[in-house]
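# An overview of the molecular structure
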Amino acid sequence: MNMIRDILNWLGTTLKLMTYNKAGFIGFLATCTILVICLIGPFFIPLDTRTKLDKIYQPPSTEHWFGTDHQGRDIFSQIVHGGKDVIYVAAVAAFLSTFIAVTFGTLSAFAGGAVDGFIMGLTDIILTIPQFPLLAVLAAFIKLDNLTFLGLFLGLLSWPALLRAVRSQALSLKERDFVEAARALDLGAGHIIFRELVPNMMTYIVISFTLALTAAVYTQVGLVLLGLVPVSSSNWGVMISLAWTQGAIFFRDAMWRIMMPILAIALFQLSVITMTRSLELAFNPRLRTMV
Amino acid sequence: MAPILEVRNLTKQFGKGKERVTAVDSVSFAIEPGETVCLVGESGCGKSTTGRMVAGLLEATSGEVLFEGKNIKQLDSAAFRRYRQSVQIIHQDPYSSLNPTQTVRQILTAPLLRHNKVKPGATAEKRALELLEVVDLTPARDVIDKYPHQLSGGQRQRVAVARALTVDPKFIVADEAVSMVDVSIRVSILTMLARLKEEFHVTFLFITHDLALAKYFAWEGRITVMYLGRIVEDGPTQRLITDPRHPYTQALLSAVPEADPELAQHKRQIELRGAEIPSLLALPPGCTFHPRCPYFAPGLCDVAAPPLEAIPEGGRVACPVRRQERVSLLV
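Quick caveat, the model's predicted, so the values are computed rather than measured.

Thresholds, definitions, all that
Residues numbered from 1 in each chain as written. Chains lettered and ligands numbered in written order. Predicted model: local features only at pLDDT ≥ 70, side-chain atom pairs only at ≥ 80, totals over all residues. Helix = DSSP H or I, 4+ residues; strand = E, 2+ residues; numbered from the N terminus. Rg over C-alpha atoms; globule rule 2.2 N^0.38 Å. Buried ≥ 20, exposed ≤ 12 C-beta atoms within 10 Å, placed from the backbone. Contact = placed C-beta atoms within 7 Å. Domains from an automatic or database assignment. Nonpolar A, V, L, I, M, F, W, Y, C, P; charged D, E, K, R; others polar. Pairing = 2+ DSSP bridges. Axes fitted to C-alpha atoms, helices over the stretch in contact; angles between N-to-C directions. Left-handed = near helix turned anticlockwise from the far one by under 90°.

## Quick notes on the overall build of chain B
Counting its regular elements, chain B contains twelve helices and twelve strands. Taken over the C-alpha trace, chain B has a radius of gyration of 21 Å; the compact-globule value for 331 residues is 20 Å, and the two agree within 12%. Burial status across chain B gives 43% buried among its 331 residues. Within chain B, counting contacts between residues at least 6 apart in sequence, those at least 24 apart form 62% of the total.

## Some thoughts on the domain arrangement of chain B
Residues and elements named next belong to chain B. According to the domain assignment, chain B contains domain 1 (5–103 + 168–242) and domain 2 (244–331). Listed by partner, the interface residues are 19 residues for domain 1 and 22 residues for domain 2. When contributions to the side of domain 1 that touches domain 2 are tallied by element, the ones reaching two or more residues are β2 (21–31), α8 (211–217), β9 (222–227), β10 (230–236) and α9 (237–242). It is β10 that contributes the most residues to the side of domain 1 that touches domain 2, seven residues altogether. A breakdown of the residues in the side of domain 1 that touches domain 2 according to their chemical character gives twelve nonpolar, two polar and five charged.

## Quick word on the interface of chain B and chain A
Contacts between chain B and chain A engage 23 residues on the former and 19 residues on the latter. Mapped by element, the contributors of at least two residues to the side of chain B that touches chain A are α2 (77–86), β6 (87–90) and α3 (104–114) of chain B. Grouping the constituent residues of the side of chain B that touches chain A by class yields nine nonpolar, nine polar and five charged.

## Considering the sheet that holds β10(B)
All names here are of chain B. Read across the open sheet, the eight strands follow the order β6-β7-β8-β3-β9-β10-β12-β11; overall the sheet is mixed. Two strands in the sheet have a free side with no partner beyond their single neighbour: β6 and β11 (309–310). Note: strand β7 (residues 171–175) against strand β8 (residues 203–208), five bridges, orientation parallel. Looking at β8, one finds that Val173 is bridged to Leu205.

## What to know about the sheet that holds strand β1 (residues 5–14) of chain B
All names here are of chain B. Judged by pairing direction, the sheet is antiparallel, and its four strands sit side by side in the order β2-β1-β4-β5 without closing on themselves. At either margin of the open sheet sits one strand with a lone partner, and together these are β2 and β5 (70–71). Of the strand pairs in this sheet, strand β4 (residues 62–67) and β5 are connected by two bridges, and their pairing is antiparallel. Looking across to β5, one finds that Phe67 is bridged to Lys70. Contacting β1, β2 and β4, helix α1 (residues 47–54) crosses the sheet at an angle of about 120° to β1.

## Describing the pairing of β10(B)
Residues and elements named next belong to chain B. When you tally the buried positions in β10, you get six out of seven residues, the bulk of the element. Summarising the sheet, β9 and β10 pair through six bridges and their orientation is antiparallel. Residue pairing for β10: Met226 is matched across the bridge by Ile231. Following β9, the chain reverses through two residues before pairing antiparallel with β10; Leu228 in that reversal takes a positive phi of roughly 45°. As paired strands, β10 and strand β12 (residues 316–317) are joined by two bridges and run antiparallel to one another. Note that in β12 the partner of Asp234 across the bridge is Arg316.

## Regarding the packing of helix α3 (residues 75–111) of chain A against helix α9 (residues 189–225) of chain A
All names here are of chain A. The contact between α3 and α9 brings their axes to 8 Å, and the two run at 145°. In terms of crossing hand, the pair formed by α3 and α9 is right-handed. Residues Val86, Val89, Ala90, Ala91, Ala93, Ala94, Ser97, Thr98, Val102, Thr106 and Phe110 of α3 lie in contact with α9, whose contacting residues are Ile193, Leu197, Val198, Ile205, Ser208, Phe209, Ala212, Leu213, Ala216, Val217 and Gln220. Across the contact of α3 with α9, the residue classes break down as 17 nonpolar, five polar and no charged.

## What about the pairing of β1(B)?
Successive side chains on a regular strand alternate, one facing one side of the sheet and the next facing the other. Residue and element names in this part refer to chain B. Across seven bridges, β1 lies against β2 in antiparallel orientation. When the sheet's bridge partners are listed, Glu6 is paired in β2 with Ala30. Counting the residues between successive antiparallel strands, the hairpin from β1 to β2 contains six residues, one of them, Gly15, with a positive phi of roughly 80°.

Right, here's the structure in full:
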């Protein structure tokens with residue numbers, strides 16, 4: 001019971017802290033709304049797959065909020081169903097890259113010597129590889145049709161920049177007296193990394209995570225748009241890709257069809273990036289006690 | 001009695017090649033259980049480096065640290081962990097010695113739980129509260145859930161002391177433990193530390209640049225004076241304060257301001273030949289103090305490093321100039 005109360009307390013304080021930055025809080029609410037619509041929406045709004053020849057390329061109306069596509073299908077339902085996969089792949093990629101960067105960045109800073117040399121060497125090599133062309137080339141050999149696999153793949157390529165930043169932060173933090181005190185108290189490497197160092201980098205890590213998320217969305221959509229990733233179903237990237245290949249940009253009537261997924265992606269990215277302003281507040285212990 | 005801690009020819013060098021500096025140069029001393037020893041010297045003289053090597057936080061370039069008679073380098077891992085816990089350090093800066101993301105409760109219970117000193121839950125909290133009371137942070141309940149930034153410098157320093165006590169140490173290295181604390185509460189922290197010495201049978205190595213403070217804290221103990229990585233003089237505090245033998249100790253003492261104007265007027269002032277401390281990168285040959293020393297004897301002081309020699313009044317002095325000559329020059 002006590003633990004549940006503590007968790008609720010923590011959540012309450014965190015939410016309150018997040019309201020301190022108006023823009024950030026709006027971003028947070030918008031992100032939540034988009035997540036709810038994309039994750040729960042599909043259960044309530046059926047995907048419109050029926051071709052209706054009399055309703056091709058209709059502008060937004062009360063019946064079709066976002067208009068209709070070239071087969072007269074409702075774009076709104078496609079948007080609702082198309083977010084899940086994009087966000088899932090981006091989240092997998094962001095989790096993996098943040099995890100690699102934080103774990104090995106702190107390890108590198110801590111172990112020093114040969115371990116540090118090896119990790120940094122590898123990081124430099126991965127950093128010099130141009131990501132997008134590599135993905136394009138690899139897509140020709142590997143079938144990137146599994147969402148989790150695609151996410152892991154993107155994550156495996158996007159950790160180096162964050163790793164370097166984490167390492168430099170850990171390098172400066174580890175010289176602080178409280179880390180030395182923890183060593184004197186023999187609290188162990190696990191405690192020092194996860195209780196002493198990581199909490200002090202939390203703000204930075206969370207923000208990097210969201211930025212990695214947005215980067216993964218763009219990379220993914222870019223790959224789909226180029227047709228390098230044969231992701232079936234309707235996701236935002238596929239929608240743009242299809243509209244593009246069918247020449248939607250040349251017809252005024254077809255504008256809604258290509259604009260809506262673009263807007264959905266832009267809105268999601270904007271919300272996530274604005275949200276980081278509030279996250280900055282939520283992970284600062286100094287502010288926590290002022291509530 | 002066997003010394004609880006002994007260092008033999010302890011040396012620490014930093015850097016490589018031309019940039020190589022010797023921060024601590026062949027330092028030897030021994031500390032008996034229950035004794036209080038103050039390490040005194042200007043900044044950069046290697047006193048903190050010595051303290052960190054004693055606490056096992058920094059590896060010596062050469063020489064040995066013996067804790068309870070055993071060389072810490074030769075301990076097996078279990079014994080080393082016992083040593084690790086037996087020797088704690090209190091840092092100078094209370095603003096960087098506590099993790100800003102943890103509450104006092106987390107700071108104190110982590111080591112308690114890690115080393116199975118208490119069971120999780122209520123007993124851990126009870127012990128943490130007890131420790132806070134030991135360091136005079138009362139009422140302890142008001143402090144335990146605070147973050148470091150909600151505490152004053154003095155309070156933080158007390159939390160740092162309480163944290164060191166969680167593992168029941170036998171030896172505490174207090175590295176300038178009160179020099180960043182407001183003068184008004186220094187004495188109360190020093191008194192608290194002196195009380196711990198009695199109650200918990202902790203032996204203190206007190207590192208400071210302030211001779212007046214050393215005199216206050218270790219009146220019954222000993223003072224070791226360091227200059228540019230070497231010990232220049234050590235001895236029982238009362239002898240060293242009333243009858244300093246090394247010209248550097250004399251200069252340090254004469255620089256301590258006296259509150260009594262009568263005393264201040266008659267106080268012997270030592271005129272140094274130079275105020276600049278030589279760079280560790282280019283140490284003068286022989287006695288490193290000779291460029292500043294008022295008793296400098298050419299051909300004697302600037303040739304070989306003078307050895308530390310025991311004197312009958314107690315302690316050791318490293319000065320090649322005979323005592324009579326030194327005194328006659330003084331008059």
